[in-house]
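Summary of the model geometry
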Amino acid sequence: MSGNQLLKDIPSVDKLLGSGELKPVLSAHGHTRVRETIRDLLGQLRNDILNGQSNTVPSLQALSDEINVRIANQNHGTLTSVINLTGTVLHTNLGRAVLPDNALSAMTKVAGANSNLEFDIEAGQRGDRDAHIEALLTELTGAEAVTVVNNNAAAVLLSLNTLAAGKEVCISRGELVEIGGSFRIPEVMEKSQCRLREVGATNRTHLKDYKRAISDHTGMLLKVHTSNYEIRGFTQEVSYEEVAALASETELPFMADLGSGTLVNLEQFGLAHEPTVQDVLAAGTDIVTFSGDKLLGGPQAGIIAGKKKYIEAIKKNPLKRALRVDKMTITALTEVLKLYLEPETLAHKLPTLRHLSRNADDIQAIANQLLPHLAEAINRSATVKVVETHSQIGSGALPLDQLPSFAIAMTPHEDSDAALQTLSSAFRNLPVPVIGRLADGTMLLDCRTLDDPNQFIRQLESLALT
Ligand SMILES: *Cc1c(COP(=O)(O)O)cnc(C)c1O
């Protein structure tokens, strides 16, 4: 059939709209949305015919089906849940901490109704949004006062700007870190309108170096957790206690950016020792900043804890208004902090600590449960077995600490990068995408963070290895 004749056979938008097949979708989504979808589809069809890529006009039924599919697909947002089996528990690209159930239900309640976000119900007056978290956080950290902002980067920026704008901030050369590309201490310093005063050497910094750097221009002493790297060998760092004593002698504020920051002793979960927020404050630090969604296991947030006079100044900074958290974050953070009041059940209820503290035998049992199902699903294209592996915490927490774990290892029979890519893309294309780790020609699914093996097994039916 000639192209011209085909073009004439394309039904009109109105004909499709009135075809009856689209009645349900019209009543669910309205005329505007459906008409736009039809226009797009018919426009594409017209182009395909003109380019010779199509030589038939689909039936009304087929076109209506396609419109239904397109509208259903458009309704999927781009942000969706995935199953993180990379072995990195707090994976920044995969949304970091998974929130506990109590946080989810509280968020639903607060989001779907008005709330006392900035209202004191008892007094019938305007309240402070920080009040909801402050009591819990001061109790847990021992700080005099606390405030919360959008993330830890914002916490550092706001604190520096409030306490040391126009002045020098002394920091060890070994702590001028870059975290995840966009957070670099020298650049944050500049944006906070502070001047960086480097102290000591990359591998060794002494108390006398700080002393020598302090002058009339100094506004703050700062220590930054090196998070994602470690200097080993001939090293020397000045303790929180020593810097705090010097700060108090010289009447300067002393701030510590802990990055991940933990409220519990991680050794009880078999992890390396890491000073807690409480420890660092007890050492005499005036201000401590840390993330809500790293080791704390909560929502994205930046927590600033410390001396009341400094926190009050920080809360008055107009930047605070621009960096403040919303009611969802406050709700989630409150619920997560409540779990910390009950240490006996914390590691069971809080997903981040549950994943980090899971013992290798339990992880192996999950891997063994998955093995026959995966073998059946991909036997023809890859060998499948359970292997020992190591997971890591992620998000710059204890970067060298490796947690013994077990994974399903899948190695394509065909030893090529393309075969490995096909395999990993098949898992990414599952209804709930599964993200693993590729290493040495093998795809690993670390079972440490798998919460629902049955959901995982059920969706293997949809695995398409083409
Ligand atoms: C992660 C980190 C930050 C940034 O925290 P976000 O919550 O991601 O903004 C800042 N400082 C240190 C030391 C960190 O580890």
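Source: prediction; values computed, not measured.

Backbone geometry at Glu 251 places phi at a positive 55°, although glycine is not the residue there. Within the element layout of this structure, Glu 251 appears in the loop between helix 11 (240–250) and strand 10 (254–259). One non-glycine residue, Asp 440, lies in the positive phi region at around 50°. Its place among the elements puts Asp 440 in the loop between strand 16 (437–439) and strand 17 (442–446). Overall, the relative accessible area of 81% leaves Asp 440 in the exposed class.

Taken domain by domain, the chain comprises domain 1 (3–75), domain 2 (83–91 + 355–462) and domain 3 (101–349). Relative placement of domain 2 and domain 3: their C-alpha centres are 34 Å apart. With 12 residues of domain 2 in contact, the opposing surface of domain 3 contributes 16 residues. Across the interface of domain 2 and domain 3, roughly 1100 Å² is buried in total on both sides, 70% from carbon and sulfur atoms. Joining domain 2 to domain 3, the criterion identifies 0 residue pairs in polar contact (both at pLDDT 80 or more). Here the side of domain 2 that touches domain 3 gets 6 residues from one element, more than from any other, and that element is strand 14 (residues 397–412). Taken together, the residues of the side of domain 2 that touches domain 3 sort by class into 8 nonpolar, 3 polar and 1 charged.

Time to look at the packing of helix 7 (residues 131–141) against helix 15 (residues 327–340). Running from N to C, helix 7 and helix 15 cross one another at 30°; their axes reach a closest spacing of 10 Å. By the angle class used here, helix 7 and helix 15 are roughly parallel. In this structure, the crossing between helix 7 and helix 15 has a hand that is left-handed. Counting all contacts with helix 7, which are made through His 132, Ile 133, Leu 136, Leu 137 and Leu 140, the residues of helix 15 involved are Ile 330, Leu 333, Thr 334, Leu 337, Lys 338 and Tyr 340. Considered class by class, the residues forming the contact of helix 7 with helix 15 number 8 nonpolar, 2 polar and 1 charged.

Considered as a void within the structure, the largest pocket measures approximately 860 Å³ in volume. In this structure, the largest pocket is lined by 33 residues; those nearest its centre are Val 82, Leu 94, Gly 95, Ala 97 and Val 98. When residues of the lining of the largest pocket are traced back to their parent elements, those giving at least two are strand 1 (83–84), helix 15 and helix 17 (351–357). Residue composition of the lining of the largest pocket, by class: 16 nonpolar, 13 polar and 4 charged. When we break the lining of the largest pocket down by domain, the ones giving at least three residues each are domain 2 (83–91 + 355–462) and domain 3 (101–349).

Residues Leu 337, Tyr 340 and Leu 353 are the most contacted members of the largest nonpolar core, which totals 59 residues. Of the residues forming this core, the biggest block, 7 residues, is contributed by helix 15. Built from parts of two domains, this core gets at least three residues from each of domain 2 (83–91 + 355–462) and domain 3 (101–349). With 29 residues, the next largest nonpolar core counts Ala 154, Leu 163, Leu 222 and Tyr 310 among its residues.

Reading guide: rules and limits
- Residues numbered from 1 in each chain as written.
- Predicted model: local features only at pLDDT ≥ 70, side-chain atom pairs only at ≥ 80, totals over all residues.
- Heavy atoms only, no water.
- Helix = DSSP H or I, 4+ residues; strand = E, 2+ residues; numbered from the N terminus.
- Buried < 20%, exposed > 50% of the residue type's maximum accessible area, 1.4 Å probe, protein only.
- Domains from an automatic or database assignment.
- Contact = heavy atoms within 4.5 Å.
- Buried area = accessible area lost by both parts, 1.4 Å probe.
- Polar contact = N/O pair within 3.5 Å; in protein donor to acceptor, adjacent residues only side chain to side chain.
- Nonpolar A, V, L, I, M, F, W, Y, C, P; charged D, E, K, R; others polar.
- Axes fitted to C-alpha atoms, helices over the stretch in contact; angles between N-to-C directions.
- Parallel < 35°, antiparallel > 145°, perpendicular 65-115°, else oblique.
- Left-handed = near helix turned anticlockwise from the far one by under 90°.
- 1 Å grid on protein atoms, 1.4 Å probe; cavity = no way out; pocket = protein on both sides within 12 Å on 5 of 7 lines; lining within 4 Å.
- Points joined across faces, edges and corners; volume = space filled by probe spheres on them.
- Core = buried A, V, L, I, M, F, W, Y, C linked by side-chain atoms within 4.5 Å.

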